[in-house]
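A structural walkthrough
Each chain is listed here by its residues.
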Amino acid sequence: MNLVAGHTVGIDLGTSYSAVARLGDDGHPAVIRNADGAPITASIVLVESDRRAIVGPSSAQAIEFPERTVAAIKRQMGNADYFRVFDERKLSAEFVSAMILRKLKQDAEREIGPIGNAVITVPYYFTDPARRATVNAGRIAGLNVIDLINEPTAATLAFAWMRGELGRGDGESPERTVLVYDLGGGTFDVTVVRCTATTFAVAATDGDTFLGGLDWTRRIVDHAAEQFRRKFGADPRGEPHALARLTEDCERIKRILSEQQRAILDISFEGRTTTIGISRGDFEKLTADLLQRTRDTTQIVLELAGVRPDELDEVLLVGGSTHIPAVLRMLKAVTGRAPSRALDPQLAVAQGAAIHAAILEARATGGEGRIAAALHKRLRSIVTRDVNSHSLGVEVSEPGAIALRRNHIMIPRNSPLPIEVEREFVTDTPNPEGIRIRLLEGEAADVRACTRVGDLRITHLPENLPAGSPVNVAYRYDERRRIQVTARELTGNNESQVRIVWEGPPHVDTAAAFRKLAEEYQVE
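Notes on the structure follow. All of these numbers come straight from a predicted model, not from anything done at the bench.

**Some points on the overall build of the chain**
- Of the regular secondary structure elements, the chain holds twelve helices and 27 strands.
- Taken against the 2.2 N^0.38 rule, which gives 24 Å for 524 residues, the C-alpha radius of gyration of the chain at 25 Å falls within 12% of a compact globule.
- Here the chain, with 524 residues, has 54% of them falling under the buried criterion.
- Taking as baseline every contact in the chain between residues at least 6 positions apart, the subset at least 24 positions apart corresponds to 67%.
- Here the chain contributes 65 positive and 71 negative side-chain charges, whose respective centroids are spaced 2 Å apart.

Structure, rendered in structure tokens:
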């Protein structure tokens, strides 16, 4: 890992809101306020016709220009087919995310000076392409991305650090088991972590990158729109401005229902207006299935970690959507203990990223850093251990049915990292010109339900190589989530390797994209 000149920070790149933090000389991970004096910035981009990009526009601006507004871009990270067109120019998810990161960087630099390096957070359940897309976005924004950290890991790191329990190294300390329930604006993760004074180990994780507070809001939107349609025969969801305004109002109603038992919503469309009342009970019925999905995931993760609810020392809430009262009741019912609000759910992830960034900086500087020797020693003493959130496998044919392909899992999800596995396979056709190994990520047997993460091909095979010839495949996944696969055809001893690393060559020209962002778009 190479550091460049400038400060090293942690960035929570969220679906709804983002934040930047830095570990201060006093050991406190301080969130850096934006140009408006707020600790968080809305992850919304308004691309104006004069190639000016406004990050975190006002509600009025977003409602007035819905066709030029991009929200929840995080859900599209890693989707190579996604783009938005503005003024005949295609903008990818990575490029839009880079605009958000550029704004965060600019605002933070007004407070602390030049920023060079960053740790960026991602949901635990992000696929490998989504992780690489996040790194690309950081590079396009002009950041040296030194690592990615999973959001629940970051939150738990902040929790343990700020309690003074991590990095003290004062002899043996009891192991604490923490469940992190992270329900943000657009993504959801549950993670069980075990930590002592010097070790930080993830036991199990699961989640959904298409489940979050946005989905709770949309249930109110659909409910209100249906009420309006039944009364007037017109649907406000069919007109972009009306939908944007209704969504904004329903987001406000959702927040009110976290504090009050009832809220009133006024809906106006095509010159007609109606008022509907929504109770907290109504809201909970509308979203019961969403909450059940998070409950099922929580119970699965406890089972995967081999942890009984009464063995948990803490249930930690992360993400703004954990303010929903039904979430608290559900977690207490599942775990038998009241969830903790020891940290600010919207800031904890950025703070944890800042601590992780400081740990990496301390290791890289070897004692010659900006921080005091005692703090530097504390940072360097911390050992982190992670697991993989998705299984890794190879595509194989079904015996006796070459045309049928399936995912053969080699490294199951929630395996402690690093891990290396070897398997022996056989060729399925005689005298092949080459042997292709397709690498997959996912749990399903159906290859179409998995994510393709790479390929390698063995060439220069022996002549007349019969079907059923042995091929050895060695699959390695290290602690920094870098994949290395080696395949060796054993008859002629021919080998091929592939390395899939987020630090490696990106699938987009980030240098050109950086110039485009810097020269063609004014980010505000």
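After that view of the structure, there is still more to cover.
**A closer look at the sheet that holds strand 21 (residues 419-426)**
- Strand order in the open sheet formed by four strands is 21-24-25-26, and the pairing between neighbours is antiparallel. The open sheet has two edge strands, strand 21 and strand 26 (494-500), and neither has a second partner. Across the sheet, the axes of successive neighbouring strands diverge by a mean angle of 15°, strand direction being ignored.
- In the sheet, strand 21 pairs with strand 24 (residues 470-477) via eight bridges, with the strands oriented antiparallel. Bridge pairing in strand 24 links V421 to Y475.

**Quick look at the pairing of strand 15 (residues 262-269)**
- Of the two faces of strand 15, only the one carrying A263, L265, I267 and F269 is buried; R262, I264, D266 and S268 on the other face are not.
- Where strand 15 and strand 16 (residues 272-279) come together, eight bridges link them in antiparallel fashion. Across the sheet, the residue bridging to I264 is G277, located in strand 16.
- Counted between consecutive antiparallel strands, the loop separating strand 15 from strand 16 contains two residues, among which E270 sits at a positive phi close to 55°.

**Some points on the packing of helix 2 (residues 93-112) against helix 3 (residues 128-140)**
- Where helix 2 contacts helix 3, the two axes come as close as 8 Å, and the packing angle between them is 50°. As far as their axial angle goes, helix 3 and helix 2 are oblique. Remark: the crossing between helix 2 and helix 3 carries right-handed chirality. Residue-level contacts link E94, F95, S97, A98 and L101 of helix 2 to A133, N136, A137, G138 and I140 of helix 3.

**Some remarks on the sheet that holds strand 17 (residues 314-318)**
- Read from one edge to the other, the open sheet built from five strands follows the order 17-12-13-14-18, with strand pairing classed as mixed. Taken across any chain shown, the strands that pair with only one partner, and hence form the sheet edges, are strand 17 and strand 18 (383-385). Within the sheet, the average angular offset between the axes of one strand and its neighbour, ignoring direction, is 20°.
- In this sheet, strand 17 lies alongside strand 12 (residues 176-183) in parallel orientation, the contact comprising five bridges. Directly across from Y181, in strand 17, lies its bridge partner L317.

**Focus: helix 12 (residues 510-520)**
- Of the positions making up helix 12, those classed as buried are T510, A513 and L517. Along helix 12, the residues classed as buried sweep out an arc of 60° about the axis, all on the same side.
- Elements in contact with the buried residues of helix 12: helix 2, helix 3 and strand 27 (522-523).

**A look at the nonpolar core**
- In terms of nonpolar packing, the biggest core is built from 43 residues, with L179, Y181, V192, W216, L246 and L265 touching the most fellow members.
- Per-element tally for this core: the top contributor is helix 5 (residues 213-232), with six residues.

**Some words on the packing of aromatic side chains**
- Scanning the entire structure with this criterion turns up four aromatic pairs.
- Relative to F188, the ring of Y181 lies with its centre 5.1 Å away and its plane at 65°, an arrangement referred to as edge-to-face.
- Connected via pairs of aromatic rings, a cluster forms that spans F228, F232 and F269.
- The ring of F83 has K90 lying over it, and the distance from NZ or CZ to the ring centre is 4.4 Å.
- The residue whose ring lies beneath R378 is W161, and the NZ or CZ to ring-centre distance is 3.6 Å.

Procedures and definitions
- Residues numbered from 1 in each chain as written.
- Predicted model: local features only at pLDDT ≥ 70, side-chain atom pairs only at ≥ 80, totals over all residues.
- Heavy atoms only, no water.
- Helix = DSSP H or I, 4+ residues; strand = E, 2+ residues; numbered from the N terminus.
- Rg over C-alpha atoms; globule rule 2.2 N^0.38 Å.
- Buried < 20%, exposed > 50% of the residue type's maximum accessible area, 1.4 Å probe, protein only.
- Contact = heavy atoms within 4.5 Å.
- Lys, Arg positive; Asp, Glu negative; His and termini not counted.
- Charge placed at Lys NZ, Arg CZ, Asp CG, Glu CD.
- Pairing = 2+ DSSP bridges.
- Axes fitted to C-alpha atoms, helices over the stretch in contact; angles between N-to-C directions.
- Parallel < 35°, antiparallel > 145°, perpendicular 65-115°, else oblique.
- Left-handed = near helix turned anticlockwise from the far one by under 90°.
- Arc of directions from axis to C-beta.
- Core = buried A, V, L, I, M, F, W, Y, C linked by side-chain atoms within 4.5 Å.
- Phe/Tyr/Trp six-rings, centres within 6.5 Å; stacked < 30°, edge-to-face > 60°.
- Lys NZ or Arg CZ within 6 Å of the ring centre and 35° of its normal.

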